[in-house]
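# Inside the fold
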Amino acid sequence: MSNETLAKSENKKEAKGKRAEFQKARPAVEGKTTVIHVARTAKVVKGGKRFGFRALVVVGNGMGKVGVAIGKANQVQLAISKAESHARKHMITFPIVGETIPHETIGKFGAASVWMKPAAPGTGVIAGSGVRLLFEAAGIKDVLAKSLGSTNPCNLVYATLEAFKQLKSKEAVNVLRGKAAPAEEAPKAEEVKAEPAKAE
């Protein structure tokens, strides 16, 4: 009897048909999830108060790709999983130079403003708690950052995300300004010198 029950339990665990194919086709989870802030919320109703939870979560792959989201639910774990799935769907990519950001910038969201500046190697992440976790998730190890407005953790993190969106690489700026790369300009100069020599 014991062998039969074991065989039945093993059969139940095995996925069959489309279910098995779906489990194999599921993509690997990208990046690391970090919970920045969890708050308890209360809604006053006729019978008293209804308590819920709000979770602020950041997801990053450590190579310039990061996403932030807020999740709300009656349980902490559900709120975190909601925020994580939403953050993964809305990740942004920005340029990184070595282990720092390419240039100085200010991000604004609501009443919060975050100023950030590139730092020399070995400086570390000089930033507040919520903003620091965002830098670490994005893979930035040397940066200077300062909060210039509201200290609301949600607005601070979203302001940092807005600052990341403003970051541009040197190549992207040259394209916008209509400047050619140095490698492309060099052959043209040689051609100009060669032409008068042929005419003589």
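Structure: above.
What counts and how
- Residues numbered from 1 in each chain as written.
- Predicted model: local features only at pLDDT ≥ 70, side-chain atom pairs only at ≥ 80, totals over all residues.
- Heavy atoms only, no water.
- Pairing = 2+ DSSP bridges.
- Helix = DSSP H or I, 4+ residues; strand = E, 2+ residues; numbered from the N terminus.
- Phe/Tyr/Trp six-rings, centres within 6.5 Å; stacked < 30°, edge-to-face > 60°.
- Buried < 20%, exposed > 50% of the residue type's maximum accessible area, 1.4 Å probe, protein only.
- Lys NZ or Arg CZ within 6 Å of the ring centre and 35° of its normal.
- Contact = heavy atoms within 4.5 Å.
- Expected span 1.5 Å × (residues − 1).
- Core = buried A, V, L, I, M, F, W, Y, C linked by side-chain atoms within 4.5 Å.
- Axes fitted to C-alpha atoms, helices over the stretch in contact; angles between N-to-C directions.
- Salt bridge = Lys/Arg side-chain N within 4 Å of Asp/Glu carboxyl O.

## So, the pairing of strand β3 (residues 65–73)
Here 8 bridges tie strand β2 (residues 48–60) to β3, and the two strands are oriented antiparallel to one another. Directly across from F53, in β3, lies its bridge partner A73. The hairpin turn running from β2 into β3, its antiparallel successor, is 4 residues long, and G62 in that turn takes a positive phi close to 75°. Relative to strand β4 (residues 92–93), β3 is paired through 2 bridges, and the arrangement is antiparallel. Opposite V66, over in β4, you have I92 as the bridge partner.

## Quick look at the sheet that holds strand β7 (residues 125–126)
Across a sheet, paired strands are connected by hydrogen bonds in the backbone, their directions being either parallel or antiparallel. Pairing is mixed across the open sheet formed by 4 strands, whose spatial order is β5-β6-β8-β7. Because the sheet does not close on itself, it has two edges, and the strands there are β5 (105–109) and β7. With 5 bridges joining them, β5 and strand β6 (residues 112–118) adopt antiparallel strand pairing. In the sheet register, I106 faces β6, and the bridge partner there is W115.

## Brief notes about the packing of aromatic side chains
All chains considered together, the criterion is met by 3 aromatic pairs. Their ring planes at 65° and their centres at 5.7 Å tell us that F135 and F164 sit as a pair that is edge-to-face. With a gap of 29 residues between them, F135 in helix α4 (residues 129–138) and F164 in helix α5 (residues 153–166) connect regions that are remote in the sequence. Accessibility assignment for this pair places F135 and F164 in one class, buried. Members of the aromatic cluster, each reached through a chain of ring pairs, are F94, F135 and F164. The lysine or arginine in question, R40, covers the ring of F51, its NZ or CZ lying 4.1 Å from the ring centre.

## Quick notes on the side chain of S113
Along the chain, the position of S113 falls in strand β6. Setting aside residues up to four positions removed in sequence, S113 forms contacts with G107, K108, K146, S147, L148 and G149.

## A short note on helix α3 (residues 76–89)
Relative to the 20 Å expected for 14 residues at 1.5 Å per residue, α3 spans 20 Å between its end C-alpha atoms, a close match to the ideal helical length. Those residues of α3 that are buried lie in contact with β1 (32–45), β2 and β3.

## What about the nonpolar core?
Counting 30 residues, the largest nonpolar core has V66, V68, M116, F135, I140 and F164 as its most contacted members. Mapped by element, the contributors of at least two residues to this core are β2, β3, β6, α4, β8 (143–147) and α5. Looking at this core, the element that brings in the most residues is α5, giving 8 residues. Residues within four places of F164 in sequence aside, it is in contact with V66, I92, F94, M116, L134, F135 and I140.

## A few points about the sheet that holds β2
Strand order in the open sheet made by the 4 strands is β1-β2-β3-β4, with antiparallel pairing throughout. Edge positions in the sheet fall to β1 and β4, since each has one partner strand and no second. Lying on the sheet, α4 is in contact with β1, β2 and β3; it crosses β3 at an angle near 130°. Docked against the sheet, α5 engages β1, β2, β3 and β4, running at close to 155° with respect to β3.

## Considerations on the pattern of salt bridges
This model, assessed by the stated rule, comprises 3 salt bridges. Where E99 meets K141, a salt bridge forms, and the shortest distance between an N and an O atom there is 3.8 Å. Taken together, the residues E99 in the loop between β4 and β5 and K141 in the loop between α4 and β8 connect sequence positions 42 residues apart. Here E99 falls in the partly exposed class, since its relative accessible area comes to 37%. K165 serves as the salt-bridge partner of E162, at 3.3 Å between the closest nitrogen and oxygen. Within this pair, E162 and its partner K165 are both found in helix α5, separated by 3 residues, close to a single helical turn. For K165, a relative accessible area of 47% gives the class partly exposed.

By themselves, these observations are geometric and do not establish any function.
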